[in-house]
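Chain residues, written in single-letter form:
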Amino acid sequence: MAETYYFIKDLINDVQRGRIRIPSFQRGFVWKSERVSLFIDSIYKGFPFGSVLIWRTRNCLRTERNLGPYKLPENDLEYPIDYVLDGQQRITSIFGIFQNYLTAGDSENTDWTNLFFELNSEESVPFQYLKDSTNYDATKFFPLKYVFDSPNYRKATRNLDENLAQQIDELVDRFTKARIPVERFESEEPKYVATVFERINRQGVELDTLQLLSVWNWSEDFDLQEKFREVAEELEPFGFKEVGSDLLLKCCSAVVMNSVNPEGFMELPGSAVRDKFEEIRRGISLSIDFLKTELNVFSLKLLPMENILAVLTSFFASSQKQPPPVSQEKNEVIKKWFWRACFSQRYARGGAKSTDIDLAEVQNFKAGKPHTLGDFDVSLDTSFFLNSSFRMSSVATGTFILLLAQGKPLNLIQGTNVSLQKVLSLGNRNEFHHIFPKDYLEGLNKYKDNQINCLANFSLLSRTDNNKIKNLPPSKYRLLMPTDTKTFDEIIATHFCPANVFEDDDYESFLTLRSELLLQKAKELSQIV
């Protein structure tokens with residue numbers, strides 16, 4: 001990868017000739033006027049502002065993006081193309097401010113391009129936008145569009161006194177000599193380019209592997225992005241539109257390549273995915289039905305780990321339009337694998353290697369061959385519920401919530417069913433409350449936050465019941481619950497809750513007993529003897 005630089009004039013010329021282009025997988029121009037002016041001021045003052053990353057290739061991409069508001073001209077086929085991988089905002093700003101060649105589209109906003117240099121300015125940033133960019137005082141302002149426009153530059157300075165003309169000459173000289181650092185690499189290997197993009201992405205630049213993949217591998221009659229949009233819209237109630245395309249890419253890769261490793265995305269053969277896309281779509285749809293009906297997962301927000309869906313998609317994917325129902329025996333194997341994966345946090349922090357191992361076992365399982373799906377070790381004890389704090393974003397909390405749902409909880413005071421679909425579709429914290437109220441425990445001045453907010457102190461309670469409980473200890477709000485012992489026992493059993501908690505308000509004893517009841521259920525679900 002060679003490092004060099006652009007003079008601004010050369011950069012403008014290459015853009016005007018169509019040699020510098022923007023790939024469609026880049027985001028659009030998003031800088032505000034204030035940021036543009038500060039960037040131009042940095043160039044003027046010689047401040048460092050980072051290099052531009054250019055990918056040089058002789059293969060023209062099928063789809064490209066405009067440079068901000070400007071449609072770029074075609075490039076001479078004899079010359080290679082420089083695609084901007086990083087620095088589009090800077091290049092667009094420079095081109096828009098200094099060029100007079102390309103005309104923006106009719107509906108495009110170009111107000112940010114009308115930047116002026118203020119003569120005799122006492123401001124720290126001597127650049128500003130004028131309300132009227134056509135009528136201005138030439139003895140006070142100089143338009144930056146004239147910096148590289150010799151006829152207008154000479155005309156603008158012809159009648160100025162020597163001091164003002166000298167300020168403009170110095171301005172033009174600074175921008176003429178300014179260098180834009182450039183890093184340029186040449187490659188025709190999609191995987192290499194994808195890796196570069198992945199590294200940029202880790203630095204906070206918004207990138208979309210799906211868009212890059214679509215550019216490289218998809219035909220005119222099959223738009224992968226459009227297909228993904230269709231699937232996302234169909235599954236929007238399940239939260240698909242909120243998670244972007246990465247999860248769908250994993251599902252595709254799981255079915256086609258038996259892997260979810262991101263490095264393999266660029267190797268997906270276009271024809272294979274096109275041929276298998278309905279199979280993939282069917283696998284995703286059946287996976288979601290399974291999650292809803294068997295495990296009470298009504299939203300992706302409560303799926304403890306994304307890769308679970310990729311493994312399920314691989315299992316349910318079928319070339320048959322109406323595949324036969326899964327046998328009860330296979331159903332139990334899949335549920336055992338699900339709970340063990342969740343309680344062991346098997347795919348946390350990526351987990352691509354473990355996922356690929358399970359994908360291989362899924363294929364053995366589907367083919368009726370010997371398999372070890374779900375047979376990995378799970379170390380389970382009460383610490384899972386005592387040492388993990390309730391945080392909606394954590395794998396442990398998501399797993400715990402789904403465990404609670406297995407009890408089909410009843411509202412503590414009303415005794416009615418908690419609407420699991422309603423509560424778990426929202427996937428927010430509002431329906432999960434402390435059994436020993438937080439305010440009550442804090443008032444005792446005995447317990448730390450991690451003790452108060454541990455999983456073992458939470459359950460599914462309606463806001464109505466919680467508002468009645470407020471900060472009362474269990475022995476007090478027991479008076480609000482049904483009086484007959486049988487109904488009371490039925491209610492607390494659905495919460496895996498010990499009865500004595502409502503008698504002596506012994507929080508430490510409660511934590512010990514409840515964590516043991518929760519552990520018992522966790523082992524039952526995971527089929528751990």
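Here we summarise the structure given alongside this text. (Residues numbered from 1 in each chain as written. Predicted model: local features only at pLDDT ≥ 70, side-chain atom pairs only at ≥ 80, totals over all residues. Heavy atoms only, no water.)

1. Here's the deal with the overall build of the chain
Cut-off, in case you're wondering: Runs of H or I in DSSP of at least four residues are treated as helices and runs of E of at least two as strands, each being numbered from the N terminus. A simple rule labels every residue: compare its accessible area, found with a 1.4 Å probe on the protein chains alone, to the largest value its type can have, and call it buried under 20%, exposed over 50%, or partly exposed in between. The contact criterion used is simple: two residues touch if any of their non-hydrogen atoms lie within 4.5 Å. For accessible areas, the Shrake-Rupley method is used with a probe of radius 1.4 Å. Any residue's cover is judged against the shown protein chains and nothing else.
When helices and strands are tallied, the chain shows 23 helices and eleven strands. For the chain, with 529 residues in total, the buried portion stands at 52%. Restricting the contact set of the chain to residue pairs at least 6 apart, pairs at least 24 apart contribute 76%. Total accessible area computed for the chain in this model is approximately 25,800 Å², and 44% of it derives from carbon and sulfur atoms.

2. As for the pairing of strand S6 (residues 115-118)
Spelled out, the test is: Strands pair, by our definition, only if DSSP identifies at least two bridges between them.
Pairing of S6 with strand S7 (residues 127-129) involves three bridges; the strand directions are antiparallel. Looking at S7, one finds that Leu115 is bridged to Tyr129. As judged from the three bridges shared by S6 and strand S8 (residues 141-143), these two strands associate in the antiparallel manner. Residue Glu118 lies in a different strand from S8, and its bridge partner there is Phe141.

3. Side note on the sheet that holds S7
The condition that has to hold: All axes are obtained by fitting lines to C-alpha atoms, using only the stretch in contact for helices, and the reported angles, taken between N-to-C directions, cover 0 to 180 degrees.
Pairing is antiparallel in the open sheet, where three strands are placed in the order S7-S6-S8. For this open sheet the edge positions go to S7 and S8, each flanked by a neighbour on one side alone. Going from strand to strand, the sheet's axes swing by 40 degrees on average, the running direction of each strand aside. Of the strands in this sheet, S6 and S7 touch helix H2 (residues 33-45), which is tilted by about 155 degrees from S7.

4. Remarks on a negative patch on the surface
Under the convention used in this document: Patches draw on residues past 30% relative accessible area with no salt bridge. Two like charges within 9 Å are joined, as are two nonpolar side chains (Val, Leu, Ile, Met, Phe, Trp, Tyr) within 5 Å. A pairing counts as a salt bridge when a side-chain nitrogen of Lys or Arg comes within 4 Å of a carboxyl oxygen of Asp or Glu. For the charge count, each Lys or Arg is scored as positive and each Asp or Glu as negative, with His and the chain ends excluded. A charged residue contributes its charge at one atom only: NZ of Lys, CZ of Arg, CG of Asp or CD of Glu.
Taken together, the side chains of Glu503, Asp504, Asp506 and Glu508 make up a negatively charged region of the molecular surface. Counting through the fold element by element, Glu508 comes out in helix H23 (residues 507-526).

5. Side note on the packing of aromatic side chains
To describe a pair of aromatic rings, one takes the distance between the centres and the angle between the planes. The condition that has to hold: Two rings from Phe, Tyr or Trp (for Trp, the six-membered ring) form a pair when their centres are within 6.5 Å of each other. A pair whose planes differ by under 30 degrees is stacked, one over 60 is edge-to-face, and the rest are tilted. Only lysine NZ and arginine CZ atoms are considered, and such an atom sits over a ring when it is within 6 Å of the ring centre and within 35 degrees of the ring normal.
Enumeration over the complete set of coordinates arrives at 33 aromatic pairs. Residues Phe315 and Phe365 carry aromatic rings whose centres are separated by 5.6 Å and whose planes lie at 15 degrees to one another, so their mutual orientation is stacked. Here Phe315, found in helix H11 (residues 307-316), pairs with Phe365, found in helix H13 (residues 352-366); they are 50 residues apart in sequence, far enough to count as distant. Centroid distance Phe343 to Phe384: 5.3 Å. Interplanar angle 65 degrees. Geometry classified as edge-to-face. Placement of the pair is Phe343 in helix H12 (residues 328-343) and Phe384 in helix H14 (residues 383-386), with a sequence separation of 41 residues. On the accessibility criterion, Phe343 (4% relative accessible area) is buried. Through pairs of rings, three or more aromatic residues link up here, namely Tyr44, Phe98, Phe117, Phe127, Phe148 and Phe175. Its guanidinium or amino end placed over the ring of Tyr44, Arg174 lies 4.3 Å from that ring's centre, counting from NZ or CZ.

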